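# A structural walkthrough
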Amino acid sequence: MDFPKSVPAIGLVDGKFVDENITTGTPGSLIPAVWGNNVTSEILNVIIEAGISPDEADSTQLKKSIVSLITNQTKPATEAVQGTVKIATQQKINAATDDESAVSPFKLEQRLLTALPLAGAATNLRMFIPADSKIATMTADEIIVSTVLGRSYRLTNFNRTINLGAAGAGGTDNGAVVANGYVALYVIYNPSTATSALMAVNSTGVVAPRIYSSTSMPAGYTASALVSVLATNAAGQMRVAYQLGRQITIENRSLYSATVGSTVMTGVNIAGHIPPNATHVGLYISSMQNQVGLGVGISVAPLASVAFQVATASAAVSNQVSYSNTSVMMPLLVPQTIYVTFANTNSGAFNIVSGSYYI
């Protein structure tokens, strides 16, 4: 529809109807019958389409008809019927219980990212330090890193080098390394530039968090993941180690030795050899009966109770010196502490050595 501009001498002003002006003698616009009928038909078409009977006295029918038509055209969508659909909230998407709302690409990505494994999860992670050094290279098929707010990223084909003699990305977080202590290695990630690196953090005497939480992260790097904790020597170098996944194999280190047994369960601090982040420690325990006919035995446990003994090495062969050994990967229920007890108080040679740990 439009104003009847094509009708000659209809009296439109600026394309619109005007009233007669008696003062100036200006005539009013004419309304042709055909135009009036067309306008009425346009309105009636809407009313009839909405299923309403036209009523000359009802001036609300056009509005009712439009509302009705819109409502009928915006029924909730189903798998079989076209209609409107609401955008689901992030909470509904995370809960995964709403089957009637639409999922936006952004919210779907957020849900998928939060469904990723925990920060630090990795596939085929490896690092080899054949000699004490400040430099080492870590590789992995993929590593998961996260921000402190839970935004996760999957890094693939990871291959980065750490240098304890440098600072920032690829070096230490504050330029300092503690000698004869422990250093935690983090994978850090800058989402804006899609850049990743390794970063070392002093973790002597403290458990390094899964996600880096200090204030010394290089600019732009917002996601991280703890991937290793290693011992350092007197020169601040990483000591010889081989890492596969979360297991770190080290040179054998003597955790305990004794020549006389005690039946009292005794705690042994192993902080000088095993880092605070270690959750399990690989132990090799041995006992030697060096007095003929006197049996000996040594046991280890993760707690101060004989009920939790996980491994025992007993030597008890009549009429000769005898030797026994065993190995176990034991959980560290008390950080950097193992518990030792003996079968009796006989003298002998007792040793506990570690060559690996899990973080």
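As the structure is a prediction and not an experimental result, all values here were calculated from the model.

## Side note on the side chain of Ser146
For Ser146, the location among the structural elements is in strand β3 (residues 135-146). There is a polar contact of 2.8 Å between the side chain of Ser146 and the side chain of Ser152. Residues in contact with Ser146, not counting those within four places in the same chain, are Ala119, Arg151, Ser152, Ile211, Thr222, Ala223 and Ser224.

## Regarding the pattern of salt bridges
When the charged atoms of two side chains with opposite charge come close together, those side chains can pair. Enumeration over the complete set of coordinates arrives at 2 salt bridges. With a closest N to O distance of 3.7 Å, Asp58 and Lys64 form a salt bridge. The closest approach of N and O atoms between Glu142 and Arg154, which form a salt bridge, is 3.1 Å. Note that Glu142 is positioned in strand β3 and Arg154 in strand β4 (residues 152-163), a separation of 12 residues in sequence. Under the relative-accessibility criterion, Arg154 is labelled partly exposed at 41%.

## Concerning the packing of helix α1 (residues 33-49) against helix α2 (residues 61-73)
Remark: α1 packs on α2, axes separated minimally by 8 Å, with the N-to-C direction vectors making an angle of 50 degrees. Taken together, the axes of α1 and α2 are oblique relative to one another. Note that α1 runs across α2; the crossing there is left-handed. Residue-level contacts link Ile43, Val46, Ile47 and Glu49 of α1 to Gln61, Leu62, Ser65, Ile66 and Leu69 of α2.

## Remarks on unusual backbone geometry
At Asn157, a residue that is not glycine, the phi angle is positive and equals roughly 50 degrees. With respect to the helices and strands, the residue Asn157 is situated in strand β4. For Asn157, a relative accessible area of 64% gives the class exposed. Phi is positive for Ala194, close to 55 degrees, though the residue is something other than glycine. Along the chain, the position of Ala194 falls in the loop between β5 (182-190) and β6 (195-202).

## Thoughts on the pairing of β6
Of all 8 residues in β6, 6 are buried, a share of seventy percent or more. In the sheet, β5 pairs with β6 via 8 bridges, with the strands oriented antiparallel. Each residue of the ladder has a partner; that of Val187, found in β6, is Leu198. Between β5 and β6, which pair antiparallel one after the other, the connecting turn spans 4 residues, and Ala194 there sits at a positive phi close to 55 degrees.

## Here's the deal with empty space enclosed by the protein
Overall, the coordinates contain 1 cavity of 30 Å³ or more when judged by the stated rule. Each pocket or cavity is described by its volume, and for the largest cavity that value is around 30 Å³. Lining the largest cavity are Leu230, Ala231, Arg239, Val240, Ala241, Ile248, Ile250, Arg253 and Tyr357. Of all the secondary-structure elements, those providing two or more residues to the lining of the largest cavity are β7 (223-231) and β9 (247-260). Per-element tally for the lining of the largest cavity: the top contributor is β9, with 3 residues. Broken down by class, the residue content of the lining of the largest cavity amounts to 7 nonpolar, no polar and 2 charged.

## Remarks on the sheet that holds strand β12 (residues 296-301)
Read across the open sheet, the 4 strands follow the order β10-β15-β12-β13; overall the sheet is antiparallel. Unpaired on one side and paired on the other, β10 (266-269) and β13 (311-315) mark the two borders of the sheet. Adjacent strand axes in the sheet meet at a mean angle of 25 degrees when their direction is disregarded. Two elements, β12 and β13, share 5 bridges in a ladder whose sense is antiparallel.

## As for the packing of aromatic side chains
The geometry of an aromatic ring pair is captured by two quantities: the separation of the ring centres and the angle between the planes. Under the defined criterion, the tally for this structure stands at 5 aromatic pairs. Between Tyr256 and Phe342, the ring centres sit 6.5 Å apart and the planes meet at 45 degrees, which makes this aromatic pair tilted. Taken as a pair, Tyr256 in strand β9 and Phe342 in strand β15 (residues 337-342) lie far apart in primary sequence, 86 residues in all. Members of the aromatic cluster, joined through ring pairs, are Tyr256, Phe342 and Phe350. The ring of Phe158 is capped by Arg160, whose NZ or CZ atom sits 5.8 Å from the centre of that ring.

## A short note on the nonpolar core
Ranked by size, the top nonpolar core spans 67 residues in total, and within it Val145, Leu230, Leu283, Val300, Ile338 and Ile352 carry the most contacts. With 8 residues, β5 is the single largest residue contributor to this core. If near-sequence neighbours (up to four positions away) are discounted, Ile352 is found in contact with Arg253, Ser254, Leu255, Tyr256, Leu283, Tyr284, Ile285, Ile298, Val300, Ile338 and Val340.

The rules we used
- Residues numbered from 1 in each chain as written.
- Predicted model: local features only at pLDDT ≥ 70, side-chain atom pairs only at ≥ 80, totals over all residues.
- Heavy atoms only, no water.
- Helix = DSSP H or I, 4+ residues; strand = E, 2+ residues; numbered from the N terminus.
- Polar contact = N/O pair within 3.5 Å; in protein donor to acceptor, adjacent residues only side chain to side chain.
- Contact = heavy atoms within 4.5 Å.
- Salt bridge = Lys/Arg side-chain N within 4 Å of Asp/Glu carboxyl O.
- Buried < 20%, exposed > 50% of the residue type's maximum accessible area, 1.4 Å probe, protein only.
- Axes fitted to C-alpha atoms, helices over the stretch in contact; angles between N-to-C directions.
- Parallel < 35°, antiparallel > 145°, perpendicular 65-115°, else oblique.
- Left-handed = near helix turned anticlockwise from the far one by under 90°.
- Pairing = 2+ DSSP bridges.
- 1 Å grid on protein atoms, 1.4 Å probe; cavity = no way out; pocket = protein on both sides within 12 Å on 5 of 7 lines; lining within 4 Å.
- Points joined across faces, edges and corners; volume = space filled by probe spheres on them.
- Nonpolar A, V, L, I, M, F, W, Y, C, P; charged D, E, K, R; others polar.
- Phe/Tyr/Trp six-rings, centres within 6.5 Å; stacked < 30°, edge-to-face > 60°.
- Lys NZ or Arg CZ within 6 Å of the ring centre and 35° of its normal.
- Core = buried A, V, L, I, M, F, W, Y, C linked by side-chain atoms within 4.5 Å.

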